[in-house]
Amino acid sequence: EDQVTQSPEALRLQEGESSSLNCSYTVSGLRGLFWYRQDPGKGPEFLFTLYSAGEEKEKERLKATLTKKESFLHITAPKPEDSATYLCAVQALGGGSNYKLTFGKGTLLTVNP
Amino acid sequence: SAVISQKPSRDICQRGTSLTIQCQVDSQVTMMFWYRQQPGQSLTLIATANQGSEATYESGFVIDKFPISRPNLTFSTLTVSNMSPEDSSIYLCSVVQHEQYFGPGTRLTVT
């Protein structure tokens, strides 16, 4: 069974204080690893897809990296508007639901001004 | 990216009743999904709804409880039947258009 574990559950940073969120996963074969941002009362907003170990993607203050067992979402010099829950999900190769995403519980990030 | 809307955005329902949630997409998509997000839990796939075929349900979810319709390539409905307080959750539809995008969700409270 595919599993995704995110840590920490919650993270509080000061504005400008860089940090990383972790996503550990077990999957029979990885098709892709996804990062989403979710604001309160809204649906998840797509951020990145990573497909293979060693791959990195960047968007503004966010950079996602991938190894064979985990992914990191690095946040550089965060601002209060980066406050949100960050969700990690994996998609396995094959299977009946080819686009099924298995999600972690998320990391609640709070950035204080 | 696809623009997805859901109706209603929230509702409070009595146990034993049913609620139908609508999902509308601004472009034609082949694959549509329904997820559930319970408090403190991960987003969980309920079923995959492809136009022209029966919905495919994940383990733990059954058609009698969560009937789904997919009449065309831009619209789907999910019905939560014979509701109990345990059905209180956020229900989200999702589509694949190169990447997988989510609607704003429907927050359901069952009393």
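As a reminder, the structure under discussion sits directly above these lines.
Note that the coordinates shown come from a computational prediction; the quantities given were computed from them, not determined experimentally.

A. How the structure looks around the nonpolar core. Of all hydrophobic cores here, the largest spans 42 residues; its most connected members are A:F103 and B:Y35. Looking at this core, the element that brings in the most residues is strand 9 (residues 89–97) of chain B, giving six residues. By size, the runner-up hydrophobic cluster in this structure holds 22 residues, among which are A:C23, A:W35, A:Y86 and A:V111.

B. Structural context of the state of the cysteines. With the rule as written, the count across this model stands at two disulfides over all chains. Between the sulfur atoms of A:C23 and its disulfide mate A:C88 the distance is 1.9 Å. Every disulfide takes its handedness from the sign of the S-S torsion; for A:C23 and A:C88 that torsion is -65°, giving left-handed. Linking A:C23 in strand 3 (residues 19–26) with A:C88 in strand 9 (residues 84–92), this pair joins segments that are 65 residues apart in sequence. A sulfur-sulfur distance of 2.0 Å marks the disulfide that ties B:C23 to B:C93. The disulfide joining B:C23 to B:C93 has a torsion of about 65° about its S-S bond and is therefore right-handed. Of this pair, B:C23 sits in strand 3 (residues 19–25) while B:C93 sits in strand 9; the two residues are 70 residues apart in sequence, bridging distant segments of the chain. For B:C23, a relative accessible area of 0% gives the class buried. For B:C93, a relative accessible area of 0% translates into the label buried. Sulfur of B:C13: no disulfide; nearest cysteine sulfur belongs to B:C93 and is 18 Å away.

C. Representation of the pattern of salt bridges within the structure. All names here are of chain A. Inspection of every chain in the model, using the stated rule, returns six salt bridges over all chains. A salt bridge links R37 to D39; the nearest nitrogen and oxygen atoms lie 3.0 Å apart. Classification of R37 as buried rests on a relative accessible area of 15%. Residue R61 is joined to D82 by a salt bridge in which the shortest nitrogen-to-oxygen separation is 2.8 Å. One end of the pair, R61, is in the loop between strand 6 (56–59) and strand 7 (62–66); the other, D82, is in the loop between strand 8 (70–75) and strand 9, with 21 residues separating them in the sequence.

Quick notes on the rules
- Chains are numbered independently. Their residues run from 1 in the order of the written sequence.
- Just so you know, chain letters begin at A and ligand numbers begin at 1, following the order they were written in.
- For a predicted model such as this one, the threshold for reporting local features is a pLDDT of at least 70, and the threshold for listing and counting side-chain atom pairs is 80 or more; totals across whole chains, interfaces and linings nevertheless cover every residue.
- Hydrogens are left out, water is left out, and the side-chain values use all remaining heavy atoms of the structure.
- We call a set of buried Ala, Val, Leu, Ile, Met, Phe, Trp, Tyr and Cys residues a nonpolar core when their side-chain atoms join them within 4.5 Å.
- Buried residues are those whose accessible area, probed at 1.4 Å on protein chains only, stays under 20% of the maximum for their type, while exposed residues exceed 50% and partly exposed ones sit between those limits.
- Each helix is a run of H or I in the DSSP string that is no shorter than four residues. Each strand is a run of E no shorter than two, and both are numbered from the N terminus.
- By definition, disulfides here are pairs of cysteine sulfur atoms that lie within 2.5 Å.
- Criterion for a salt bridge: a side-chain nitrogen of Lys or Arg within 4 Å of a carboxyl oxygen of Asp or Glu.

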